[in-house]
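# An overview of the molecular structure
Listed below, chain by chain, are the residues.
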Amino acid sequence: MPSGDAAEISPGVWMPRLGLGTFKIRGEDATRSTLDALRSGCRHIDTASCYRNEEEVRLGIDIWRSEANEANDDDVFITSKLAPNEMGETRVHAALDGVYERLGRGNRSERHRERVPKPLDLALVHWPGLARTPPDSPANRTARAETWRALEDALASRAVRAIGVSNYTRTHLLEMRDYARVLPAVNQVEFHPRCQQRELRRTCEALGVGIVAYSPLGCGELLEDPRVLRATAALAEASGDDAVTPARALIAWSLRQPGVVASIVKSSDGARIAANVGRDGYARAAALAEAS
C-alpha cells in the first residue's frame, strides 16, 4: 500500500511512487535523461530489454553516484522487463542474465562469489505473448508459465527483489492461479482518464496485485484536452498553486486512484523531467492528489 512517497509492493520492497519512463529514449539521451531525473530527486527508473537502453541508464546512474559521492546500491529503484522474444524455458534464463549484466547487477555465476551483486529491484514480463505468435496460440500460455517460473526462481535466489507483469489482462491474471507459486507484485499497464481499466483494477485488487500506471499523460494527447485544461484551472484555484500544469493534474489523478501504487512518466526534456518526476514535482502532485 502507498505510504508517503513510496509503496510497499512486496514485503520489504518499497517502490517510489513516481518514476521516469525511458521508452524510445536511447543512447546519450537515455543517459542524460536518467541523470536529469536523479539530479532532480527522482529515485525510480523504468527500462526494458527491448528499449535497448539499459547500459545507458546504468551509465547515468553511475555518473550521478560519482557526482553525489553516493556508494549505496539501495538509492535507485530500477525496473526492467523481459521482451516477447525472450520468453520461454530455453531463452528466459539467458535473458535475465543479460538484464543483470547490462544494469550492473551481475549474473548467476557471479552470485556465488563472496560479494553478491545487488539484486534487480523489479523484473516484469513485458507482454503476455511470444513474438510473432498469434494471440490465441496455446504456445503463449506455455511461454507465460515457463517465463513466470523462471522469475519465481530468480526471486527465490534473491537475484530480484520483486516480480510482476506488464500489459496483462484480467484473463491472463486469473490464469496465473493455475501455475504461479507467487502472484505478481504489480501489473504495469496504460492508465489515464481515457483508459481507466476498471475491470482489470477490480481483478488486481482481488488478487493483491498493484497497478503501475504508464502513459498517465495519455502519450501527451491529454495535455490539450479541454476537460483536462478545465480541471487544471479548477485545481489551481482550489489549491492556490499557480504552478499546476495539465501534466501535474494528470499525474495527481493517477496517484489518487485506488490500487495504483506508482506512475511512470516518460520524458527526455530535463525541465519536464524535474517538473513531473523530480522531488518537487512529486511533492506538488501528491499535494494535489490529496486535495482533489
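The text that follows walks through the structure, step by step, so that each part is easy to find.

On to the state of the cysteines, then. Within the structure shown, the criterion is met by zero disulfides. In this model Cys42 remains outside any disulfide bridge; the closest cysteine sulfur is found in Cys219, 19 Å from its own. Its relative accessible area of 2% is what places Cys42 among the buried residues. Just so you know, Cys219 is unpaired, no disulfide at all, and the nearest cysteine sulfur is the one on Cys195, 9.8 Å from it.

Right, let's talk about the packing of helix H2 (residues 54-68) against helix H3 (residues 92-102) for a bit. The N-to-C vectors of H2 and H3 enclose an angle of 30°; their axes lie 8 Å apart at closest approach. Classified by the angle their axes make, H2 and H3 are roughly parallel. Taken together, the residues of H3 that come into contact with H2 (itself represented by Glu54, Glu55 and Arg58) are Val99, Glu101 and Arg102. Residue composition of the contact of H2 with H3, by class: one nonpolar, no polar and five charged.

This model, assessed by the stated rule, comprises two aromatic pairs. Ring plane angle 50° and centroid distance 5.4 Å describe the contact between Phe23 and Tyr51, whose orientation is recorded as tilted. With Phe23 in the loop between strand E4 (18-21) and helix H1 (27-39) and Tyr51 in the loop between strand E5 (44-46) and H2, the pair connects residues that are 28 residues apart, well separated along the chain. When its relative accessible area of 42% is taken as the criterion, Phe23 is described as partly exposed. By relative accessible area, which is 9% here, Tyr51 ends up buried. Considering the side-chain rings of Phe191 and Trp253, the 5.2 Å spacing of their centres and the 25° angle between planes classify their relative orientation as stacked. Here the residue Phe191 occupies a position in the loop between strand E9 (186-190) and helix H6 (198-207), and Trp253 occupies one in helix H8 (residues 246-255), the gap between them amounting to 62 residues. On the accessibility criterion, Trp253 (15% relative accessible area) is buried.

To continue, consider the nonpolar core. If you look at soluble globular proteins, the nonpolar side chains tend to sit buried side by side. Within the largest apolar cluster, 60 residues are counted, with the highest numbers of intra-cluster contacts made by Leu120, Trp148, Leu151, Leu173 and Met176. Element by element, the count of residues in this core is highest for helix H4 (residues 138-156), at six residues. Excluding residues that lie within four positions of it along the chain, Leu151 makes contacts with Leu82, Leu96, Ala123, Leu124, Val125, Val160, Ile163 and Gly164. Of all hydrophobic cores here, the second largest spans 14 residues; its members include Ala7, Val13, Leu122 and Val261.

Rules of the game
Residues numbered from 1 in each chain as written. Predicted model: local features only at pLDDT ≥ 70, side-chain atom pairs only at ≥ 80, totals over all residues. Heavy atoms only, no water. Disulfide = S-S within 2.5 Å. Buried < 20%, exposed > 50% of the residue type's maximum accessible area, 1.4 Å probe, protein only. Axes fitted to C-alpha atoms, helices over the stretch in contact; angles between N-to-C directions. Helix = DSSP H or I, 4+ residues; strand = E, 2+ residues; numbered from the N terminus. Parallel < 35°, antiparallel > 145°, perpendicular 65-115°, else oblique. Contact = heavy atoms within 4.5 Å. Nonpolar A, V, L, I, M, F, W, Y, C, P; charged D, E, K, R; others polar. Phe/Tyr/Trp six-rings, centres within 6.5 Å; stacked < 30°, edge-to-face > 60°. Core = buried A, V, L, I, M, F, W, Y, C linked by side-chain atoms within 4.5 Å.

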